[in-house]
Amino acid sequence: MNTFLLNVTACDRVFFEGYCRQVILPLEDGEKGIQAHHENMVFAVEIGEIRITDETGEEIVGVTGTGFAQIINNRAMVIVDTCESPEEIDGRRAEEAKERAQEQLRQKQSIQEYYHSQASLARAMNRLRVSQGKRWNL
């Protein structure tokens, strides 16, 4: 069985560290699947769902913020600003954050504020989707 070492670190904790069969990461243009012996590369991780299949075959799902991933010599390191499991997400707070972000987008704002509001909305919607056990069919 082919496995590789994966470390997923958020700014406040290590989300996952150990051997796994596969990890699927959200990118700006879709998803990227990484398996053992993947070529060396670095790429940007976007807000979305991370899915890890550990060495026993169990799937671990999380919600990530932005960051980057690096694959070198059958080792992958993912560093993101946030990473939460569905059990850690407060659905009510995520719904409130979504409504606040939608309201902010309706207001006149600077370009920087607009992009900040868009990012807030994307995070809130992603947290709601994962906490409710829904999947996107891309």
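Just above, that's the structure.
As the structure is a computational prediction, the values presented were derived from the model and not from experiment. (Residues numbered from 1 in each chain as written. Predicted model: local features only at pLDDT ≥ 70, side-chain atom pairs only at ≥ 80, totals over all residues. Heavy atoms only, no water.)

Caption draft 1: The arrangement of unusual backbone geometry in detail. Its identity is not glycine, yet H37 carries a phi of approximately 65 degrees, on the positive side. For H37, the location among the structural elements is in the loop between β3 (30-35) and β4 (41-45). Overall, H37 belongs to the exposed group, its relative accessible area being 58%. With a phi angle near 50 degrees, N73 is a residue other than glycine that sits in the positive phi range. Its place among the elements puts N73 in the loop between β7 (67-72) and β8 (75-80). (Helix = DSSP H or I, 4+ residues; strand = E, 2+ residues; numbered from the N terminus. Buried < 20%, exposed > 50% of the residue type's maximum accessible area, 1.4 Å probe, protein only.)

Caption draft 2: Quick peek at the nonpolar core. Counting 22 residues, the largest nonpolar core has L6, V8, L25 and I52 as its most contacted members. Looking at this core, the elements with two or more residues in it are β1 (4-9), β2 (14-27), β4, β5 (48-54), β7 and β8. Here this core gets six residues from one element, more than from any other, and that element is β2. Apart from the residues within four sequence positions on either side, L25 is in contact with G30, E31, K32, I34, F43, V45, I50, A69 and V78. (Core = buried A, V, L, I, M, F, W, Y, C linked by side-chain atoms within 4.5 Å. Contact = heavy atoms within 4.5 Å.)

Keep in mind that these numbers describe shape and distance, not what the molecule does.
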